[in-house]
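Chain and residue survey
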Amino acid sequence: MLDASTNDSTSGSSNSSGTSGAHSGKRRAAVPKQRGLHVEPLIGLEWSEALEQPGGPPASAPADARRAWVHRAPEAQVIALYHAVVAADPGLPAPWWLRAVAAGELGSRREGFAVEDRVAKLLDARPGWVFVPWGVDGDSGYWEYMPSERTLAEPGMPTTLAHTHRHPGWIDVVGVHAGGAPEPIEVQGLADLRANLSRLESLRPWPRPDGTLSG
């Protein structure tokens, strides 16, 4: 059963309380042990609740956005439920760090949190970067470089930094754009980000196929 009252310090331990997630206070259905009729819908519902964020003030950093069951429950339990979810529906959302841990590419959930926190410390001290807590796929959120919007001649998206499981640098940057987004720039970790942050902040709207700028 999901028990959002357990914090990360108990990762790997069993959860016998059978209590509910962070805000609902209602008992949730256990993950079905046998695969059969109606199992996939039940797992989908269980996973949706596992990703659900309780109410509260908007997060100003990734650490403030780790309120869901997947962030707080014992890590072994989170991984087990994720494997069941993927077996039922590979297309369901999941945090980047969970995908990386489940694939054996990241050592633990705590390591994923550390990646987010180090990047947050760097960007929070840098003028112009704003944390956006409304992440997709169960992730904590992403960062926008707001001054880049000044280069746009029409509404669009500022330069954006988000974490990813696609490569072991764990960071993607998408340049400022209007219309279709350019391919993400793979950043190979914190050192690479720090060394190239000024260049990333200087990105300009990318050219359209007709030679005009997207902004």
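Residues numbered from 1 in each chain as written. Predicted model: local features only at pLDDT ≥ 70, side-chain atom pairs only at ≥ 80, totals over all residues. Heavy atoms only, no water.

It is worth spelling out the side chain of Thr 164 at this point. You can see Thr 164 is positioned in the loop between β3 (159–163) and β4 (171–174). For Thr 164, a relative accessible area of 7% puts it in the buried group. There is a polar contact of 3.0 Å between the side chain of Thr 164 and the backbone nitrogen of Arg 166. Residues in contact with Thr 164, not counting those within four places in the same chain, are Trp 96, Trp 170, Ile 171 and Asp 172. (Helix = DSSP H or I, 4+ residues; strand = E, 2+ residues; numbered from the N terminus. Buried < 20%, exposed > 50% of the residue type's maximum accessible area, 1.4 Å probe, protein only. Polar contact = N/O pair within 3.5 Å; in protein donor to acceptor, adjacent residues only side chain to side chain. Contact = heavy atoms within 4.5 Å.)

This paragraph deals with the side chain of His 163. Topologically, His 163 is positioned in strand β3. Judged by its relative accessible area of 12%, His 163 is buried. Not counting residues up to four positions away in its chain, the partners in contact with His 163 are Trp 96, Val 115, Glu 116, Val 119, Trp 170 and Ile 171.

Let's shift gears to the sheet that holds strand β1 (residues 129–132). In spatial order, the strands read β1-β2-β3-β4-β5; together these 5 strands make up an open sheet with antiparallel pairing. Single-partner strands in this sheet number two, and they are β1 and β5 (185–187). Across the sheet, the axes of successive neighbouring strands diverge by a mean angle of 25°, strand direction being ignored. Judged from the 3 bridges that link them, β4 and β5 form a sheet pairing that is antiparallel. Opposite Val 173, over in β5, you have Ile 185 as the bridge partner. Strands in contact with helix α5 (residues 109–124) are β1, β2 (142–145), β3 and β4; relative to β3, the strand with the most contacts, it is inclined by about 155°. Helix α6 (residues 190–201) rests against β1, β2, β3, β4 and β5 of the sheet, and its axis sits at about 140° to β5. (Pairing = 2+ DSSP bridges. Axes fitted to C-alpha atoms, helices over the stretch in contact; angles between N-to-C directions.)

Tracing the chain through its elements places Val 101 in helix α4 (residues 96–102). Residue class for Val 101 comes out buried when judged on its relative accessible area of 13%. A sequence separation of 10 residues divides Val 101 from Glu 111, and the C-alpha atoms of the two residues are 9.2 Å apart.

In this section: the pattern of salt bridges. Applying the stated criterion across every chain yields a total of 5 salt bridges. Connected through salt bridges with shared partners, the residues Arg 66, Glu 116 and Asp 117 form a single ionic network. (Salt bridge = Lys/Arg side-chain N within 4 Å of Asp/Glu carboxyl O.)

As for its position among the elements, Ala 87 is in helix α3 (residues 75–88). Taking the C-alpha atoms as reference points, Ala 87 and Ile 43, 44 residues apart in sequence, are found 9.8 Å from one another.

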